[in-house]
Amino acid sequence: MDHFERRLAGLLRQDPAPAPFEPRHREALRAGVRARRRARAARRAAGCVLAGAGLGLALMLWPHGPTDDRPAAPPRPATSPAPAPTSTPAPGVSVSEPPSRSPDHTPYAPSTTPTATVGTTPPATTPVTEPAGTPSATATG
């Protein structure tokens, strides 16, 4: 190997010496770096906003509670209410008086005009009775 080949092999093996950029090139490189940083920050902010909007929309549309369009429990068969158990008072025990009424109170009296339509039966009426001990039942003068 002669001198030229040794010198060429040495240049290929060693790292090239850093060449400083001129001031105008340095400013252009710095401006490019700043522009790329701004673009990355804007892209990241837009991605965060879109992700937040997507999550908010998903949570709003997610059925996470009882809704009106579906029943909360399976329907039960319709039954009439059971009559309340009645107890007769023991002999010698007095029954409490009903609550007192104002003097101008009149008991409800159903109208006597028939309002039955074809195919229906009129509602059953019950007679109004005054409890014992009221002034109208014991009025002697």
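Just above sits the structure.
Note that the coordinates shown come from a computational prediction; the quantities given were computed from them, not determined experimentally. (Residues numbered from 1 in each chain as written. Predicted model: local features only at pLDDT ≥ 70, side-chain atom pairs only at ≥ 80, totals over all residues. Heavy atoms only, no water.)

Digging into the overall build of the protein chain
Helix and strand counts for the protein chain stand at two helices and zero strands. A buried classification covers 1% of the 141 residues belonging to the protein chain. (Helix = DSSP H or I, 4+ residues; strand = E, 2+ residues; numbered from the N terminus. Buried < 20%, exposed > 50% of the residue type's maximum accessible area, 1.4 Å probe, protein only.)

Considerations on the pattern of salt bridges
A full pass over the atoms with the stated rule returns two salt bridges. Here E22 and R24 are joined by a salt bridge, their closest N and O atoms 3.3 Å apart. Residue R24 is classed as exposed on the basis of its relative accessible area, which comes to 59%. (Salt bridge = Lys/Arg side-chain N within 4 Å of Asp/Glu carboxyl O.)

A look at a positive patch on the surface
Together, R36, R37, R40, R43 and R44 make up a region of like positive charge exposed at the surface. Within the fold, R40 resides in helix α2 (residues 23-61). (Patch = residues over 30% accessible without salt bridge, like charges linked within 9 Å, V, L, I, M, F, W, Y side chains within 5 Å. Areas by Shrake-Rupley, 256 points an atom, 1.4 Å probe, with all protein chains shown as cover. Lys, Arg positive; Asp, Glu negative; His and termini not counted. Charge placed at Lys NZ, Arg CZ, Asp CG, Glu CD.)

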